[in-house]
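Chain by chain, the residues run as shown.
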Amino acid sequence: MASPSTRGQRRTATLLLSPFFVLFSVVTLAPLLYAAWLSLFTTRTSGLGFGGTQSVFSGLGNYAKALGDPQFLDGFLVVAAYCALYIPVMIGGALALALLLDTGLAKARRFFQLALFLPHAVPGLIAALIWVYLYTPGLSPVIDLLKSGGIDISFLSADNAVFSAANIAVWEWMGYNMVIFYAALQAVPRETLDAAKVDGAGALRTALSIKVPMIRPSIALAVLFTVIGSIQLFTEPKVIYSASSAIGSTWTPNMYVQTAAFQNNDFGLAAAASLLIAVFAAVLSFVVTRISRRGSKP
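Computed from a predicted model, the values in this text were never measured in an experiment. (Residues numbered from 1 in each chain as written. Predicted model: local features only at pLDDT ≥ 70, side-chain atom pairs only at ≥ 80, totals over all residues. Heavy atoms only, no water.)

Caption draft 1: Local environment of the side chain of Lys238. Among the structural elements, Lys238 can be located in helix H11 (residues 235-243). One buried charged residue, Lys238, remains without a salt bridge, the closest side chain of opposite sign being Glu236 at 13 Å. Once you skip the residues sitting within four places of it in the chain, Lys238 turns out to touch Met255 and Gln258. (Helix = DSSP H or I, 4+ residues; strand = E, 2+ residues; numbered from the N terminus. Buried < 20%, exposed > 50% of the residue type's maximum accessible area, 1.4 Å probe, protein only. Lys, Arg positive; Asp, Glu negative; His and termini not counted. Salt bridge = Lys/Arg side-chain N within 4 Å of Asp/Glu carboxyl O. Contact = heavy atoms within 4.5 Å.)

Shown next, in the form of structure tokens:
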């Protein structure tokens, strides 16, 4: 039988944790359950279209429809190309900047940390609008400068859309991850770095052989969050699509969901596609986590 003090601790823990579980249930579990329920129905028009619409149970029909739609599947190929370009550049650039700021030669560290972090403070929609302005011919000083040098490139074309979207994301998130890596580098024991210097290791050897391995958990976590965020790619291509319809309204999986829900009024298909994206993100997160753990083993 539990003692009075133990029961009091349990009541206190329950009282403190209750707000979290209530919010988690309302904000996360309830929408997921509703989306799962909604995905099992489809809207059909009775008669010749004059009898109104009705929701009909379709089982897994919406899931089969989404998985059989080339537009939905092609969106994952776009995301894969986006990840292949965006993640190495952003993570590699953030890590290089953090290592540079951590060196004894770096001056004005506070200023550069703030300057590099500021793009992340800009809302994603505003950042996308800024870059679309810089991508628009006739408005962008960048395009005019490139043309003066004999370089003619259309950033809003379908061929360059992946690069354009990745460039916006790199501008937004590189400084954020740089701050995370720099904070992790501050926890590296200085005695270890001093020992490396005594052994004759240069700055590059110290960075690659000591600093980077010791902050590997932070790098793995940043990669995991970046992968999850990349699967949810929406804001940047949506703004690019608004400026130029070259990429289409179903270019990414999330754009496919929005088009199905708010343009085609097919909420069952949109719910099924959303849950498929969530499952894909969960599986990919599991794979990235397993790879990170395996890589961290000596």
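Caption draft 2: Structural detail: the nonpolar core. Grouped together as the largest cluster of nonpolar side chains are 71 residues, with contacts concentrated most on Phe72, Tyr82, Tyr86 and Phe181. In terms of residue count, the dominant contributor to this core is helix H3 (residues 70-102) (15 residues). If sequence neighbours within four positions are ignored, Tyr86 has contacts with Ala166, Ala169, Val170, Trp173, Thr226 and Ser230. (Core = buried A, V, L, I, M, F, W, Y, C linked by side-chain atoms within 4.5 Å.)

Caption draft 3: Molecular detail of the environment of Ile130. Note on placement: Ile130 falls in helix H5 (residues 124-135). Judged by relative accessible area, which is 38%, Ile130 ranks as partly exposed. Each C-alpha atom of the pair Ile130 and Thr252 lies 21 Å from the other, and the pair is 122 residues apart in sequence.

Caption draft 4: View of helix H12 (residues 253-262). Burial analysis of H12 places 7 of its 10 residues in the buried class, the great majority of the element. Taken as a whole, H12 has its buried residues at Pro253, Met255, Tyr256, Val257, Thr259, Ala260 and Ala261.

Caption draft 5: Molecular detail of a nonpolar patch on the surface. A surface patch of nonpolar side chains, amounting to about 610 Å² of accessible area, comprises Leu17, Phe20, Phe21, Phe24, Leu29 and Leu33. Within the secondary structure layout, Leu29 lies in helix H1 (residues 4-38). (Patch = residues over 30% accessible without salt bridge, like charges linked within 9 Å, V, L, I, M, F, W, Y side chains within 5 Å. Areas by Shrake-Rupley, 256 points an atom, 1.4 Å probe, with all protein chains shown as cover.)

Caption draft 6: Molecular detail of the packing of aromatic side chains. By the definition in use, this model includes 16 aromatic pairs. Between Trp131 and Trp171 the ring centres are 6.1 Å apart and the planes differ by 75°, which places this aromatic pair in the edge-to-face class. Here Trp131, found in helix H5, pairs with Trp171, found in helix H7 (residues 161-185); they are 40 residues apart in sequence, far enough to count as distant. Judged by relative accessible area, Trp171 falls into the partly exposed class, the value being 29%. Ring centres of Trp173 and Tyr176 lie 5.3 Å apart, and the angle between their planes is 85°; this geometry places the pair in the edge-to-face category. One end of the pair is Trp173 and the other is Tyr176, both in helix H7 and 3 residues apart, which spans about a single turn. Ring pairs connect the aromatic residues Trp131, Tyr135, Phe155, Phe163 and Trp171, which therefore count as one cluster. (Phe/Tyr/Trp six-rings, centres within 6.5 Å; stacked < 30°, edge-to-face > 60°.)

Caption draft 7: Molecular detail of the pattern of salt bridges. One pass over the structure, following the stated rule, counts 3 salt bridges. The partner of Lys65 in a salt bridge is Asp266, with the nearest N and O atoms 3.3 Å apart. Placement of Lys65 in helix H2 (residues 61-67) and of Asp266 in the loop between H12 and helix H13 (267-296) is noted, with a sequence separation of 201 residues between them. Taking the relative accessible area as the measure of exposure, Asp266 reaches 14% and is therefore buried. Arg190 is the partner of Asp102 in a salt bridge, and the nearest nitrogen-oxygen pair spans 3.8 Å. Residue Asp102 is located in helix H3, and its partner Arg190 is located in helix H8 (residues 190-198); the two are separated by 88 residues in the primary sequence.

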